[in-house]
Each structure stands twice: as C-alpha cells, then as structure tokens.
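Survey of secondary and tertiary structure
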Amino acid sequence: MPDPRGELLHTPLLQWYAEARRDLPWRHPDCSPWGVLVSEVMLQQTPVARVLPVWTRWMALWPTPSALGGASPGEAVREWARLGYPRRALRLHAAATAIRDEHDGEVPADEGTLRTLPGIGDYTAAAVAAFAFGQRATVVDTNVRRVQARAVTGVALPAPSLTRAEVELASALLPGSDGDAATWNVAVMELGALVCTARAPRCGECPIASRCAWRLAGYPPYAGPPRRGQAWEGTDRQCRGRIVQALRESSGPVAGAELRARWPDAAQQERCIDALVHEGLVEPLDGERFQLPS
DNA sequence: GAGGCGTGGTC
DNA sequence: TGACCAAGCCT
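On a predicted model such as this, the values are computed, not experimentally measured, just so you know.

Around DNA strand B sit 18 residues, and of these Arg50, Arg82, Arg228, Arg237 and Arg240 come closest. A share of 57% of the atoms of DNA strand B within 4 Å of the protein falls on sugar and phosphate groups. At 3.2 Å, a side-chain N or O of Thr46 approaches a base nitrogen of DNA strand B. If you tally residues by element for the surface near DNA strand B, the top one is helix α13 (residues 236-249), at five residues. Here the surface near DNA strand B is composed, by residue class, of four nonpolar, five polar and nine charged.

Right, dumping it as structure tokens:
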C-alpha cells in the first residue's frame, strides 16, 4: 500500500539525487559487497572525507573477507588509523573470519544473517542488503531520521534515540520496487548529508522544500529533551585513545613506562589498559610491555 | 535503556 | 571558541 506522503517526494528527490550525488568508490557498480560492508562499518559515526583514504588502502590490502581473516586483528587496528572507535576494526576482523568460516567467504545477502555478524546492527545490515544487493530494505540512519523529522513530522531534529514510529515511517515512505527503494534510501541519506544538515540546512537547494512540514510550520526550534554532548578532556576515552595510538604508531611492543609518560593519572591509565586488554584491543607481554593483538 | 566508546572538522 | 556533530553498536 503506497503512502501518499512518500509518493509526492519520490520523483523530486530521486531526480535531485541523480544530479547531486557524490561519486564515492563504494557506490560504483563494480564495488563488491565486501567493499560496501567495509564502507558502512567505517562510516559509522565517521565523516566520508576521513573514511575515503582508509577504505581505499584497506580494500587494496584485503579485497575479500578471507584476505582480512588472514591478517591479525592488530594489523586491522593499525590500518584503521585515526578513524576512531577502534573496536570497529576488531569487530570487522571478526566479521571477516565469520564470513570466511561460516558463509563460504561470501558476504551474506540476507539482512537477518548480516545482523548476526559482529559490529553489524540494524542500520548496517539494512544498508548492506540495500546497497550491495539492491534489496528493498528499510535503512534508517541519522540522516534519514533528520530528513523525516523535518519533511514529514515538521520538527527540527529527531529524538535522541531511534523510535519505533520512525522505522515505521521510513518503511511506509519506501518505494515499492527493489531498485527504486535502494536508490531512495541512499538519496534520502545524501540529502541529509549535503542539504538537510543538522547545523545550517541549505533549504534553498532542497528539492522537497515546497513540501517540507518543518518549513511550512515556520521552522519551529528543537523542543525535545536536551541532547547531551560527550565529555573529552581527561576522560577514559581520551586516555584509551592515547594508549591505542601509541601502540598503533610503534612497530614493536611498547613499555608500560613509555605509556605512563603519556598520561598524568597512573591509576586511570592502568584501568584503561586493563579494559583494553579485556576487549582484545591490547595484548599484554612479558616485562610490562604491550602491543596490538597478534 | 541509558551510557560508553575516538577523532577531528565546523560555525 | 568551544560545543556540537559525523552512514551506530554493544552492554
């Protein structure tokens, strides 16, 4: 049952996307499902500009899941460079070995099967099903949420966490055919990334501005619960980042004393190292030395 | 379900 | 200038 709210938006948005879309390597027709999967994991909470060079190098080193599975998790973390959230590199390595060992080395096309892989949640499973396999999956990321909130719901920003209603709305707006649906998903995301941005939306360039509920309501300001920022200075996050960076940039093991020189709070740093070891991001060696996992 | 988890660019 | 934000996931 087609949703009239979606029908009105499909043509202008798909036309806009055909002209305004960025030429990204993971969108090329010859990009493998593995390339799409890698891009989606790298793009979790990370801007396109920072992902591009890392993705390119990563795909040259490990063009298949089995190739990555043949590397050590530490190599994956090192090539992850400064993308942030290095646990993603560890999980991508684990996903690669699972694909090699349990799926004949082929990225699964089924959303439910993708969802079982480490580091693959609802968003990424739907994105791979849609963008790598052309399926009619409901892809809901932060861009889709913001575009829907404005264009359809008429509010400045979505709630802090994803609601059931948002997923149902995205599903209702989806075009009926597989191909159109896959393009629609990436078109809405692209609109959110390039035009309907969080900070300073470019409504003058928006193909659906004339139908935007937020604009028609006079741009009411965000009225939801406060959105809490993330502390940084002196946090475990910063401390952990410092530790992993030191191990990444060293060709060999790093002495605990050398790490200690990089962080003022010894107790905090010890706690962070313990946590990193527990998570598998750091491997302890004899003589109070540490390295990326072998 | 709230909170933890990196890094750097933007206005 | 320093909050805010970027194709989320996991516990």
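With that out of the way, let us pick up the domain arrangement of chain A. Annotation of chain A at the domain level lists domain 1 (33-131) and domain 2 (236-291). Taking the mean C-alpha position of each, domain 1 and domain 2 sit 25 Å from one another. Between domain 1 and domain 2, the contact holds eight residues from the first and eleven residues from the second. Across the domain 1/domain 2 interface, buried area totals approximately 780 Å², and carbon plus sulfur atoms make up 51% of it. The interface formed by domain 1 and domain 2 includes one salt bridge. Residues Arg87 and Glu279 are paired through a salt bridge, measuring 3.7 Å at the closest nitrogen-oxygen approach. Between the two partners, domain 1 and domain 2, sit five residue pairs in polar contact (both at pLDDT 80 or more).

The next subject is the sheet that holds strand β2 (residues 283-285). Taking strand neighbours across the sheet as the criterion, the three strands line up as β1-β3-β2 in an open arrangement whose pairing is antiparallel. On the outer flanks of this sheet lie β1 (254-255) and β2, each paired with one strand and no other. Here β1 runs beside strand β3 (residues 289-291); their pairing, made up of two bridges, is antiparallel. Each bridged residue has a counterpart across the sheet, and for Val254 the counterpart in β3 is Phe290.

Let's shift gears to the protein's contact with DNA strand C. In the vicinity of DNA strand C there are 26 residues, among which Leu43, Gly119, Thr124, Asp141 and Asn143 approach most closely. Each atom of DNA strand C within 4 Å of the protein was classed as base or backbone; sugar and phosphate made up 66%. Here a phosphate oxygen of DNA strand C and a side-chain polar atom of Asn143 are 2.7 Å apart. Interatomic distance of 2.8 Å between a side-chain N/O atom of Arg146 and a phosphate oxygen of DNA strand C. When residues of the surface near DNA strand C are traced back to their parent elements, those giving at least two are α8 (122-131) and α9 (142-153). Each residue belonging to the surface near DNA strand C can be placed in one class, and the counts come to ten nonpolar, seven polar and nine charged.

Cut-off values and rules
Residues numbered from 1 in each chain as written. Chains lettered and ligands numbered in written order. Predicted model: local features only at pLDDT ≥ 70, side-chain atom pairs only at ≥ 80, totals over all residues. Heavy atoms only, no water. Near = heavy atom within 4 Å. Polar contact = N/O pair within 3.5 Å; in protein donor to acceptor, adjacent residues only side chain to side chain. Helix = DSSP H or I, 4+ residues; strand = E, 2+ residues; numbered from the N terminus. Nonpolar A, V, L, I, M, F, W, Y, C, P; charged D, E, K, R; others polar. Domains from an automatic or database assignment. Contact = heavy atoms within 4.5 Å. Buried area = accessible area lost by both parts, 1.4 Å probe. Salt bridge = Lys/Arg side-chain N within 4 Å of Asp/Glu carboxyl O. Pairing = 2+ DSSP bridges.

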